[in-house]
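Report on the structure
Residue-level listing of the chains:
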Amino acid sequence: MATTQSRGKKRRQSTRASESDSGEVASAADQNGRVTDSDALLNFYKQMTLIRLFETAAQRGFRQGKIGGYLHVYSGQEAVATGFLAAHRDGDKVITAYRDHAHALLLGSMPEEVMAELYGRGTGLVKGKGGSMHLFDVENGLMGGYGIVGGHIPLGVGMAYAMRYQETDGIVQLYLGDGAIHNAAFHEAANLAGLWGRDGLNPTLFIIENNQYGMGTSIERATAMTDLAAKFDSYAIEHEKVDGMDLGAVLECAERVTRQVRETGKPYAVEALTYRIVPHGAGDFFEKYRTKEEVSKWRERDPIGLLEHHLLDSEAATEEQLEALREEAKKAVDAAVAFADESAEPDAAELYTDVYAEPVADDQAGNDQRSVDEA
Amino acid sequence: MPVMTYREALRTAMADEMERDESVLMLGEDIGVYGGTHIITDGLLERFGPKRVIDTPIAEGGFTGAAIGMAMCGLRPIVEMMTWNFSFQAADQIIQNAAKLRYFSGGQTSVPMVIRGPNGGGVQLSAQHTHSLEGFYGHFPGLKVVSPVTPADAKGMMLTAIRDPDPVIFLEAGALYGTKGDVPEGDETVPFGKARVAREGTDVTLIAYGRQVNLLLRVADHLAENEKVEAEVIDLRSIRPFDADAIVESVRKTHRAVVVQEQWRWFSVASEVAAIIQEQAFDDLDAPVERVSGAEVPAPYARNLETAAFPSEEQIVSAVRRALYREG
């Protein structure tokens, strides 16, 4: 934790409509739940644009060989995390899988630190030790970034238990992909959430980022029961679906369901239907599992485009205003790339740190002393 | 000093820590209402209530993972594996999350938790219910792995484990839950990474951990009576971190070593001990390091076959005699 503090953490930018002195988020929604506060919407537009440009820059960095390992970007899914994290409060926790850049950026991690992590630099969010799949910003509520499909879900449920055990009113936003819903970790964890929630001990908000493919396997090819939200019925967890391409719909849902989870201490599940308009990961060259037509059709419902139309049609913004915001976002991403490029690799001695809280002597830890000395 | 069983020593340590520290809680199958399959947690539900003594469904991956999440939020969960055989169901959580979280979060997270339960065989449970997993878990950096054999160490190492800021794999000698011994009262912790000389000797070093230590003590008595050999017996206690110094120091004195374990021979703790001795005490050795291990088969059921699958006094005596060049 000292690692992030020492870098002078910039607190979350104003991602939310407006915040009073008490920390309460004033609603930007009208009585039908639609967000009408144009300043707030413009801010969301800027954030979503920043995420898109960040991800595009990351893909470029990967092609240039500056980013190693795997790279999974969020392009097309921006409205989901942007909408739900607008309802995030200090003290809440967020946990997700490996498509995690957007969550970090929305929670207030600096784009510089996130890009530096992707570049494997010592200035990265986790000091160059985790990479794209393991972003953590504990101070801002991000509890990771996990690479094994489904493996993080039990952790989130345990965190929710801890928050009620410690008598806080925090909740856990637990993100999972549609591909994670078939494995044991999900079912065992959802069962515990339902069970503990019966006693008000499990404020977990499950958010299924349903981009319709687990890597390249469509939902229809992965399960005979394709209603993913309904799977929560088995565990007595209430659920609903939301259009994950429509920021307004997500914002309305997020504000309502986070309040419910916070008040009841019971879990809740939302299936957000969305689409990844880019390949699954850096190695997904051919996309043989879906057609170009299908991708084009979904691009028409690009969440950033939809928001843009809404802002222009409702005269909440002018094209010039949007252009200025895009320019601002581009500058932030350019600065992040430059920072990552210029940053040094981690110090060689970092190889051996953070294995245990207190360093274990090399002969007791099994390290070859000669290698340690060289480092 | 009070005498108590290994079982009571574990329970005392856990209950003392739960009294002392509200962040300590426990999860597992049938640990509450039932009282624990091995009666380790009996009475704790009544004392500490269902929020702190959590009966779970039979889903090791789920509740072990949930405990990791609790630990990341500042709680200190103790997870009971009814037996370590079931931990394969939770191995993804233990290995992929608990062991590595501190590292891949760049030091932003801690996982202070204990996973405990009976390890090893000897009671005719056959293949799926008989494993000695110290080599398996000892393989992974980020975990601490301990295996106490005396009631005193069971208590003292459990206190240390619960207070440790990192995940601890606590492998109990399940066959010895009923054995009695002197156990210090109060807050007597036993540090990790320190082996114990269970018997002093000059002629050969016998090395083990867990219930094989008791076997070695019997062998040492036999050797003294029948072979005029004074064996030193070292109880490793802690597999990770590991006390290489204690072994090397003893071998420098005796010049011979026999390592005994119930687990399989290949890629095991004994393999590592033999390697450490040849790296650090090669010039002191008068004979190759001997290993006595479990047979390389899934554990059988029939009493005679099971007995044959684990190290015996005869095998160990033979190994000692080979190390002394008294037999080929």
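Residues numbered from 1 in each chain as written. Chains lettered and ligands numbered in written order. Predicted model: local features only at pLDDT ≥ 70, side-chain atom pairs only at ≥ 80, totals over all residues.

**Let's talk about the packing of helix α3 (residues 60–72) of chain B against helix α4 (residues 91–98) of chain B**
Residues and elements named next belong to chain B. The cut-off we apply is this: With axes taken as lines fitted to C-alpha atoms, and helix axes fitted only over the stretch in contact, angles between N-to-C directions fall between 0 and 180 degrees. Strands here are runs of E lasting at least two residues and helices are runs of H or I lasting at least four, both read from the DSSP assignment and numbered beginning at the N terminus. Oblique is the label for every angle not falling under 35 degrees (roughly parallel), over 145 degrees (roughly antiparallel), or within 65 to 115 degrees (roughly perpendicular). The contact criterion used is a C-beta to C-beta distance within 7 Å, with each C-beta placed from the backbone. Note that Gly is not counted as nonpolar here; it falls among the polar residues with everything else outside the nonpolar set of Ala, Val, Leu, Ile, Met, Phe, Trp, Tyr, Cys and Pro and the charged set of Asp, Glu, Lys and Arg.
Running from N to C, α3 and α4 cross one another at 25°; their axes reach a closest spacing of 8 Å. Relative to α4, the element α3 is oriented roughly parallel. Residues Gly61, Thr64, Gly65 and Ile68 of α3 lie in contact with α4, whose contacting residues are Asp92, Gln93, Ile94, Asn97 and Ala98. The residue makeup of the contact of α3 with α4, split by class, is three nonpolar, five polar and one charged.

**A few points about the interface of chain B and chain A**
The partner chain A presents 40 residues to the 37 residues of chain B that form the contact. Looking at the side of chain B that touches chain A, the elements that each hand over two or more residues are α3, α4 and α5 (101–104) of chain B. Among the elements that take part in the side of chain B that touches chain A, α3(B) stands out by supplying ten residues, more than any other. Its residues assigned to classes, the side of chain B that touches chain A shows 17 nonpolar, 15 polar and five charged.

**Observations concerning the sheet that holds strand β7 (residues 238–243) of chain A**
Residue and element names in this part refer to chain A. Selection rule: Note on pairing: two strands pair once DSSP finds at least 2 bridges between them.
Spatially, the six strands line up as an open sheet ordered β2-β1-β3-β4-β8-β7, and their pairing is parallel. A single partner strand is all that each edge strand has here, and the edge strands are β2 (142–145) and β7. On average, each strand axis in the sheet is inclined to that of its neighbour by 15°, with strand direction left out of account. Sheet analysis places strand β1 (residues 93–96) next to strand β3 (residues 172–177), joined by three bridges and oriented parallel. Counterpart to Val94 in the pairing with β3 is Gln173. Helix α6 (residues 153–165) contacts β1, β2, β3 and β4 (204–210) of the sheet and is inclined by roughly 170° relative to β3.

**Here's the deal with the nonpolar core**
The condition that has to hold: Joined through C-beta atoms within 7 Å, a set of buried Ala, Val, Leu, Ile, Met, Phe, Trp, Tyr and Cys residues constitutes a nonpolar core. Residue burial here comes from a neighbour count, namely the number of other C-beta atoms, placed from the backbone, that lie within 10 Å of the residue's own C-beta, with 20 or more meaning buried, 12 or fewer meaning exposed, and in between meaning partly exposed. Either an automatic procedure or a domain database provided the assignment from which the domain bounds are taken.
Counting residues in each nonpolar core, the largest one holds 203 residues, and the members touching the most others are Leu206(B) and Val258(B). No other element matches the eleven residues that helix α2 (residues 38–63) of chain A contributes to this core. Lining this core are residues from two domains, each supplying at least three of them: domain 1 (3–182) and domain 2 (196–323) of chain B. Setting aside chain neighbours within four positions, we find Leu206(B) in contact with Leu216(B), Val219(B), Ala220(B), Ala231(B), Glu232(B), Val233(B), Val258(B) and Val260(B).

**So, unusual backbone geometry**
With an omega of -15°, the peptide bond between Gly144(A) and Gly145(A) qualifies as cis. Mapped onto the fold, Gly145(A) is located in strand β2. A cis amide bond links Arg240(B) with the next residue in sequence, Pro241(B), at an omega value of 0°. With respect to the secondary-structure elements, Pro241(B) resides in the loop between β12 (238–240) and α9 (244–254). Residue Glu167(A) is not a glycine yet carries a positive backbone phi of 60°. By the element assignment, Glu167(A) lies in the loop between α6 and β3. For Glu167(A), a count of 6 C-beta atoms within 10 Å gives the class exposed. One non-glycine residue, Gln212(A), lies in positive phi territory at about 80°. For Gln212(A), the location among the structural elements is in the loop between β4 and β5 (213–214).

**Topic: the packing of α6(A) against α3(B)**
Note the cut-off: Crossing handedness follows the turn of the near helix against the far one: under a right angle anticlockwise gives a left-handed crossing, and clockwise gives a right-handed one.
Look at α6(A) against α3(B): their axes get within 6 Å of each other, and the N-to-C directions meet at 55°. With respect to α3(B), the axis of α6(A) lies oblique. Our pair here, α6(A) against α3(B), has a crossing hand that is right-handed. Here Pro154(A), Leu155(A), Gly156(A), Val157(A), Gly158(A), Met159(A), Tyr161(A) and Ala162(A) of α6(A) come into contact with α3(B), specifically with Gly61(B), Gly62(B), Gly65(B), Ala66(B), Ala67(B), Ile68(B), Gly69(B), Met70(B) and Met72(B).

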